[in-house]
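Coordinate analysis (summary)
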Amino acid sequence: MIVKTLLFLCIVLTTLPKSSGTSFGIDVSTKISVEEFKCLLNNNFISVTIRCFESTYGNPSGFIDPNCGNSIYNAWIAGFTWIDVYMFPCPKCGNATGQVNTLVKYLSDTFGYTTMVWVDVEENYKPPYYWSKTNTTKNVEFFSEIINALEDNDITIGVYTSKYQWTSIMGKYTGGSPYPLWYNHNDTKPSFDDFTPFGGWTSPASKQYFLQYSICNVGVDLDIKLLAKPH
Ligand SMILES: *[C@@H]1O[C@H](CO)[C@@H](O)[C@H](O)[C@H]1NC(C)=O
Ligand SMILES: *[C@@H]1O[C@H](CO)[C@@H](O)[C@H](O)[C@H]1NC(C)=O
Ligand SMILES: *[C@@H]1O[C@H](CO)[C@@H](O)[C@H](O)[C@H]1NC(C)=O
């Protein structure tokens, strides 16, 4: 009996993912209710990253994601204490500082606090394109202005991108690498084994490993994090 129990324990322990120091999170771009967030929390997702700013070229009044406020509030009520946001800026709209200030003002007016902001650096595979396709210097200038404006507001910064996206948009620029990296690779594997350095980053903080996962009746993206709650 003891042998059987030990054997069972061995099997259980060796089949658990090797995830010491990691945790699971989700990111969302739709409105999630309190009940849905409670269900997600019960499924061991301890952090949530909410889209708060959209790159809506040609619609300058629509920068703030209208679902952001409700989702942050609902996540908090449901019991999440680790709530980040991500910002999909609009390079072709110019005024990077103004875009950051719009986001920061929204967060502080709505909640009286600001949280970690992940700057989303990605491009569409077909038009409309957000970043310059021909001039990485221009993209670097815009990105730097976003970062500086976030720094000026004392915001904890992270960068969301992928090796392909970063190098095609920013070229060889490494100015994002002082900040934690959240990279995307939709390989459905909650593991960092696939990571290879780029853009000055030698290690990741987080990986978005499953896009458009369906759970708790909502569509979310799944993330694995090495990062301890940084704020
Ligand atoms: C930049 O954006 C801010 C906030 O939206 C706005 O108040 C400011 O007038 C803009 N500045 C320029 C030069 O467009
Ligand atoms: C690329 O963008 C930079 C910064 O905006 C600008 O100085 C430079 O002239 C641009 N280069 C070309 C080829 O358009
Ligand atoms: C990500 O991968 C999953 C599983 O293979 C697939 O169902 C989903 O459509 C993919 N999403 C994107 C945006 O590629």
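Here's a quick rundown of the structure. (Residues numbered from 1 in each chain as written. Chains lettered and ligands numbered in written order. Predicted model: local features only at pLDDT ≥ 70, side-chain atom pairs only at ≥ 80, totals over all residues.)

**Some thoughts on the overall build of the protein chain**
The number of helices and strands found in the protein chain is six helices and eight strands. In sequence order, the protein chain lays out its α and β elements as α-β-α-β-α-β-α-β-α-β-α-β-β-β. Within the protein chain, contacts between residues at least 6 apart in sequence are counted, and of these 64% link residues at least 24 apart. (Helix = DSSP H or I, 4+ residues; strand = E, 2+ residues; numbered from the N terminus. Contact = placed C-beta atoms within 7 Å.)

**Quick word on the environment of Gly69**
Its location among the elements puts Gly69 in helix 3 (residues 68-78). Placed 19 residues apart in sequence, Gly69 and Ile50 show a C-alpha to C-alpha distance of 9.2 Å.

**Considering the site of ligand 3**
Neighbouring ligand 3 are Asn186, Thr188, Leu211 and Gln212. Residue classes in the shell around ligand 3 are distributed as one nonpolar, three polar and no charged. (Near = placed C-beta within 6 Å. Nonpolar A, V, L, I, M, F, W, Y, C, P; charged D, E, K, R; others polar.)

**A few points about the site of ligand 1**
Residues in close proximity to ligand 1 include Asn95, Gly98, Asn101 and Thr102, which together make up its full environment. A breakdown of the residues in the shell around ligand 1 according to their chemical character gives no nonpolar, four polar and no charged.

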